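# Structure at a glance
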Amino acid sequence: MTARKSSTRAKTTLLFAFLPLLLFTPAKAYGYADPGTGAFLYQAFYAAFLGGTFYLRKLLDRVWKRRR
Amino acid sequence: MLIGEAAEARTPSPQSFRDPAGTLFEDGKRILRQVNPEDAAGLEAFLATKTAARAIGRGALVGSLRLSDHLYEHERIPFPSYPCEWPPEMLHAAGELTIELARSALEEGYGIKDATPYNVLFRGSRPVFVDVLSFESRDPRDPTWLAYGQFTRTFLLPLLANRETRIPLASIFAAQRDGLEPEAVYRLLGPLRRLLPPYLNLVSIPKWLSGRETPSTYRPKLAASAGQARFILDRILRGCARQLRSLAPARRASKWSGYIAPERTAAVSYTPSQFAQKEQLVRDALAIARPREVFDAGANQGHFSFLAAGTGASVVAIDSDEACAGAIWREASKRSLNVLPLVVDLTRPTPAMGWRNRECAPFLARARHGFDLVMMLAVLHHILVTERIPLEELFALAEELTRDYLLIEFVGSDDPCFKRIVRGRDRLYSHLTRECFEAAASARFDLVSSTRIDGMERWIYLYRRRRAIS
């Protein structure tokens with residue numbers, strides 16, 4: 001039972017972690033410097049990963065607060 | 001309003017055309033910036049932020065005075081220089097300032113739209129961010145730093161290539177305004193290195209990803225919340241700062257570093273007492289000339305530049321050796337001395353570069369009549385022998401640089417250093433006598449004093465230019 005609970009929690013965490021990838025929406029373009037190609041894609045993937053850690057951090061903060 | 005109209009009628013500065021938000025104008029010694037009406041409010045708001053106020057207060061951001069609705073006057077930085085003239089230490093300092101300002105501005109809702117070393121000039125050894133229009137109000141949910149690629153190309157990869165291959169920054173930036181592409185650095189790396197940090201994320205992954213873009217790649221995306229976007233951007237900027245720290249140039253030696261250091265004089269040509277005498281002669285010349293602006297050609301590690309700066313002068317110190325200019329920058333920064341070290345070879349000074357050869361002014365155009373005192377110490381024989389520049393030409397150049405005084409060290413053909421670089425071609429330089437030197441000088445300069453360094457084939461001459469500057 002406990003194992004199933006922790007597995008569900010892990011799945012929820014993962015979903016939250018990668019949710020931002022699905023939530024990104026179009027915006028206005030800024031700047032005039034050439035963003036490059038490889039570096040731009042690298043940044044996009046890194047940003048998606050960071051977006052995930054943002055939710056992960058929030059989730060962990062909430063869990064931590066609840067425990068305290 | 002009259003000033004605004006005058007600026008509108010003036011021709012824009014030749015390097016100011018890339019940013020659509022505004023244009024720079026030079027009006028005599030004044031630097032004016034015309035800002036587009038739709039961007040003026042944004043600039044005014046940025047200049048009112050704590051980031052701008054703090055940075056202007058400590059001299060890290062150029063001072064800006066609003067003259068009219070869309071017209072600003074900027075503080076003039078005394079001697080403009082370009083990344084192709086900087087040692088790696090200065091490029092690193094310019095990168096640190098860029099990231100520091102970007103992080104601080106992010107906290108107040110602003111972003112930096114371009115991240116290039118051309119946004120930075122140096123006041124002495126201190127970097128100053130001069131492009132106030134780089135800052136723009138950002139969409140709170142935008143998690144992308146569009147200038148990330150440019151920061152990598154113009155700061156991180158040149159520093160990496162310089163560290164790994166010793167390729168001078170002059171070779172990188174003189175050939176490519178926008179720095180190095182990851183693909184260019186990838187080719188320099190072996191198969192194992194490509195998989196190791198920092199090469200993996202700075203070079204290899206961007207290289208492998210290049211060419212895989214789709215039409216939707218560059219469609220801007222928004223994060224789910226402003227907090228998330230700020231978190232992402234802050235982490236990206238922190239990552240850049242970390243990468244930059246890991247690429248901090250190490251102090252390095254070259255065949256010229258330590259060439260005139262007092263503790264090494266025996267190894268070169270001076271005994272400590274001879275060096276002390278030379279130092280005193282330079283001090284005496286500084287006391288006579290009382291210069292506000294000094295040019296030190298062939299400055300080596302800046303010993304005499306520091307002496308001049310100690311009297312309150314601002315000094316431009318050039319040396320063709322990157323390690324020497326880097327050492328000067330370190331020392332000047334540590335001691336807060338007003339010395340701007342540049343990697344420039346006086347016999348091959350920086351040419352005009354960029355679009356229509358007008359974006360970067362040639363070195364001599366920037367230096368022309370810019371100094372009250374020009375110092376050429378222990379450099380004459382390199383110019384005459386190694387580069388085979390005629391004496392008359394050398395004095396013509398000195399006259400072009402100085403407004404008033406010239407302090408020059410004559411190195412006779414019997415001097416061991418002279419002999420070392422002649423390498424058997426003695427007959428070719430047998431005419432380079434002191435009489436010949438004095439005759440060439442007398443065509444353009446009046447002698448103030450000349451003193452022989454005891455026991456050496458070297459004389460220190462102080463000259464004053466004869467013709468007034470027209």
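As a reminder, the structure under discussion sits directly above these lines.
Notes on the structure follow. (Residues numbered from 1 in each chain as written. Chains lettered and ligands numbered in written order. Predicted model: local features only at pLDDT ≥ 70, side-chain atom pairs only at ≥ 80, totals over all residues.)

### What to know about the overall build of chain B
Stated formally: Numbering of helices and strands runs from the N terminus; a helix is a DSSP stretch of H or I covering at least four residues, while a strand is a stretch of E covering at least two. It is over C-alpha atoms that the radius of gyration is taken, and the globule rule equals 2.2 Å times the number of residues to the power 0.38. Partly exposed residues are those falling between the two cut-offs: more than 12 but fewer than 20 other C-beta atoms within 10 Å of their own, whereas 20 or more means buried and 12 or fewer means exposed, with C-beta atoms placed from the backbone. We call two residues in contact when the distance between their C-beta atoms, placed using the backbone, is within 7 Å.
A count of helices and strands for chain B gives 18 helices and 16 strands. For chain B, whose C-alpha radius of gyration is 25 Å, the value lies close to the compact-globule estimate of 23 Å for 470 residues. Taken over the C-alpha atoms alone, chain B extends approximately 80 × 65 × 40 Å along its principal axes. Residues classed as buried in chain B amount to 46% of the 470 residues present. Here the contacts in chain B between residues at least 6 apart in sequence split such that 68% fall between residues at least 24 apart.

### Side note on the sheet that holds strand 1 (residues 22–27) of chain B
Residue and element names in this part refer to chain B. To keep things clear, this is the line we draw: We treat two strands as partners when DSSP finds at least two bridges between them. Angles run from 0 to 180 degrees between N-to-C directions of axes, and those axes are lines fitted to C-alpha atoms, restricted for helices to the stretch in contact.
Sheet architecture is open: four strands sit in the order 1-2-4-3, paired in antiparallel fashion. Bordering the open sheet on either side are strand 1 and strand 3 (64–68), each of which pairs with just one other strand. Across the sheet, the axes of successive neighbouring strands diverge by a mean angle of 30 degrees, strand direction being ignored.

### A few points about the packing of helix 5 (residues 148–165) of chain B against helix 9 (residues 226–246) of chain B
Relative placement of two packed helices is described by the angle separating their axes and the distance separating the axes. All names here are of chain B. The following threshold applies: Roughly parallel refers to an angle under 35 degrees, roughly antiparallel to one over 145, roughly perpendicular to one between 65 and 115, and oblique to any angle outside these ranges. Polar here means any residue outside two lists: the nonpolar Ala, Val, Leu, Ile, Met, Phe, Trp, Tyr, Cys and Pro, and the charged Asp, Glu, Lys and Arg; Gly therefore counts as polar.
Contact pair helix 5 / helix 9: the axes reach a minimum separation of 12 Å and the direction vectors enclose 10 degrees. Our classification of the angle between helix 5 and helix 9 gives roughly parallel. Here helix 5 contributes Y148, F151, F155 and L156 to the contact with helix 9, which in turn contributes I236, C240, Q243 and L244. When grouped by side-chain class, the residues that make up the contact of helix 5 with helix 9 number seven nonpolar, one polar and no charged.

### Observations concerning the interface of chain B and chain A
Taken together, the 44 residues of chain B in the interface contact 27 residues of chain A. Listing elements by their share of the side of chain B that touches chain A, those giving two or more residues are helix 5, helix 8 (199–209), strand 9 (221–222) and helix 9 of chain B. Of the residues assigned to the side of chain B that touches chain A, the class counts are 18 nonpolar, nine polar and 17 charged.

### Digging into the packing of helix 2 (residues 38–67) of chain A against helix 9 of chain B
As a reminder, the rule being used: Each crossing gets its hand from how the near helix is turned against the far one by less than a right angle, where anticlockwise is left-handed and clockwise is right-handed.
Remark: helix 2 of chain A packs on helix 9 of chain B, axes separated minimally by 9 Å, with the N-to-C direction vectors making an angle of 125 degrees. One way to sum up the angle between helix 2 of chain A and helix 9 of chain B is to call them oblique. Judged by the sense of rotation from one axis to the other, the crossing of helix 2 of chain A with helix 9 of chain B is right-handed. Taken together, the residues of helix 9 of chain B that come into contact with helix 2 of chain A (itself represented by Q43, Y46, A47, L50, G51 and F54 of chain A) are Q228, F231, I232, R235 and I236 of chain B.

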